[in-house]
Amino acid sequence: MATRLVQINMKAQDDSALGRFWAEVLGWGIDSEGPGVTNLEPVGFSYPDPSAVCIDLIARPEPKTVKNRVHVDLATTSAAHQAELVGRLKDLGATLADVGQGDVPWTVMADPEGNEFCVLEPRPLYRDTGPIAAVVVDCADPRAMARFWGGATDWNVVETADGHASMRSAQGVGPYLEFVRTPDAKTVWNRVHLDIAPYRGDDLEAEAARLRALGATDPGIDQSQIHWKVLADPEGNEFCLLTPR
């Protein structure tokens, strides 16, 4: 058994407005499975597919209070493209952000609800990822996180080091999943989290048990009214195990 990273879940005070922003940024289409839910995926995309990690925006009234522990890095193809994209993002409502990055070649920004993201300088590694170069997770131990997520999913571990680890789909397409060592401890429920899904025909309960054996924990919330599983990785980051698909 194995799972796949299929989407990131982002809480929003106005899911429709924030969805429009990110759809413009990525050039993706917009859909909705119900009130308070905005779904984003590439136009013509057949979900789920490793060529893209989709975005679900879920309406929640709580405001953002701390730096997100999960964010996206956007890919660019040249210095001119990076500058053009930063300018276009500002026109769409994004702002420059300071998270203590210092003098770096990438640009740190925040979307209209304050969610941080990066516009990377051109890097050959990300030339074929699509608009999202990587989904990045802050953590204390990148090596341990790569071991857990490498066992939890069928994605391949590409690189591990003390300060950084990265993974990519077994098909070698789509964005990377990266873990970056940061000094900040997790203090609140993550407003952005990963959603993974077993393959069609696999058993949800059996997969949840397998993930717990790898080190996942239960966050201690009432899950009686949902048809998926909410778990937490070894560093306490919540994630959803969706129904097989």
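That block above? That's the structure.
In what follows, the accompanying structure is described.

Rules and cut-offs
- Residues numbered from 1 in each chain as written.
- Predicted model: local features only at pLDDT ≥ 70, side-chain atom pairs only at ≥ 80, totals over all residues.
- Heavy atoms only, no water.
- Helix = DSSP H or I, 4+ residues; strand = E, 2+ residues; numbered from the N terminus.
- Rg over C-alpha atoms; globule rule 2.2 N^0.38 Å.
- Buried < 20%, exposed > 50% of the residue type's maximum accessible area, 1.4 Å probe, protein only.
- Contact = heavy atoms within 4.5 Å.
- Pairing = 2+ DSSP bridges.
- Axes fitted to C-alpha atoms, helices over the stretch in contact; angles between N-to-C directions.
- Polar contact = N/O pair within 3.5 Å; in protein donor to acceptor, adjacent residues only side chain to side chain.
- Core = buried A, V, L, I, M, F, W, Y, C linked by side-chain atoms within 4.5 Å.
- Expected span 1.5 Å × (residues − 1).
- Salt bridge = Lys/Arg side-chain N within 4 Å of Asp/Glu carboxyl O.

### Quick word on the overall build of the protein chain
Stage number 1. Helix and strand counts for the protein chain stand at 4 helices and 15 strands.
Stage number 2. In terms of C-alpha radius of gyration, the protein chain reaches 17 Å, essentially the compact-globule figure of 18 Å for 245 residues.
Stage number 3. Seen along its three principal axes, the alpha-carbon backbone of the protein chain occupies a region of about 50 × 40 × 35 Å.
Stage number 4. Burial analysis of the protein chain (245 residues in total) assigns 47% to the buried set.
Stage number 5. A fraction of 63% describes how many contacts in the protein chain between residues 6 or more apart in sequence connect residues 24 or more apart.

### Regarding the sheet that holds strand E2 (residues 29-34)
Stage number 1. Read across the sheet, 7 strands follow the order E2-E3-E4-E1-E13-E15-E14 without closing on themselves; strand pairing throughout is mixed. Edge positions in the sheet fall to E2 and strand E14 (229-232), since each has one partner strand and no second. With direction set aside, neighbouring strand axes in the sheet form an average angle of 30°.

### So, the side chain of Asn190
Stage number 1. Relative to the elements of secondary structure, Asn190 occurs in the loop between strand E12 (176-181) and strand E13 (192-198).
Stage number 2. According to the relative accessible area criterion, Asn190 is buried, its value standing at 5%.
Stage number 3. A polar side-chain atom of Asn190 sits 3.0 Å from a polar atom in the side chain of Asn237.
Stage number 4. Once residues lying within four places of it in the same chain are set aside, the contact partners of Asn190 are Arg69, Asn237 and Glu238.

### Quick notes on the nonpolar core
Grouped burial of nonpolar side chains is what soluble globular proteins tend to show.
Stage number 1. Formed by 52 residues in total, the largest nonpolar core has its most connected members in Trp22, Leu74, Leu89, Phe117 and Trp149.
Stage number 2. Per-element accounting of this core gives the leading share, 6 residues, to helix H1 (residues 15-26).
Stage number 3. When near neighbours in sequence (up to four residues on either side) are disregarded, Leu89 contacts Phe21, Val25, Leu74, Ala94, Met109, Phe117 and Val119.
Stage number 4. Ala97, Ala110, Leu120 and Tyr176 belong to the second-largest nonpolar core, a separate cluster that totals 11 residues.

### Some words on H1
Since there are 3.6 residues in each turn of an α-helix, residues three or four apart along the chain are aligned in direction.
Stage number 1. End to end, H1 covers 16 Å across 12 residues, agreeing with the expected 16 Å (1.5 Å per residue, within 8%).
Stage number 2. Asp15, Leu18, Gly19, Phe21, Trp22, Ala23, Val25 and Leu26 are the residues of H1 that are buried.
Stage number 3. The residue sitting at the N-terminus of H1 and contributing the capping side-chain oxygen is Asp14; that oxygen lies 3.3 Å from the backbone nitrogen of Ser16.
Stage number 4. Immediately downstream of H1, the backbone of Gly27 shows phi near 75°, a positive value.

### Focus on the pattern of salt bridges
Stage number 1. Under the definition given, this model contains 11 salt bridges.
Stage number 2. Measuring nitrogen to oxygen at the nearest pair gives 2.5 Å for the salt bridge that ties Asp138 to Lys67. Taken as a pair, Asp138 in strand E9 (residues 132-139) and Lys67 in the loop between strand E4 (54-59) and strand E5 (70-74) lie far apart in primary sequence, 71 residues in all.
Stage number 3. The exposure class assigned to Asp138 is buried, which follows from its relative accessible area of 4%.
Stage number 4. Judged by its relative accessible area of 30%, Lys67 falls in the partly exposed class.
Stage number 5. Arg168 is the salt-bridge partner of Asp128, the closest N and O atoms lying 3.1 Å from each other. Taken as a pair, Asp128 in the loop between strand E8 (116-119) and E9 and Arg168 in strand E11 (residues 164-168) lie far apart in primary sequence, 40 residues in all.

### Comments concerning the sheet that holds strand E10 (residues 156-160)
Stage number 1. Taken in spatial order, the 8 strands make up an open sheet running E6-E7-E8-E5-E9-E12-E11-E10, and their pairing is mixed. Each edge of the sheet is formed by a strand with only one pairing partner; in this case those strands are strand E6 (95-96) and E10.
Stage number 2. The sheet strands contacting H1 are E5, E8 and E9, and the helix crosses E5 at an angle near 35°.

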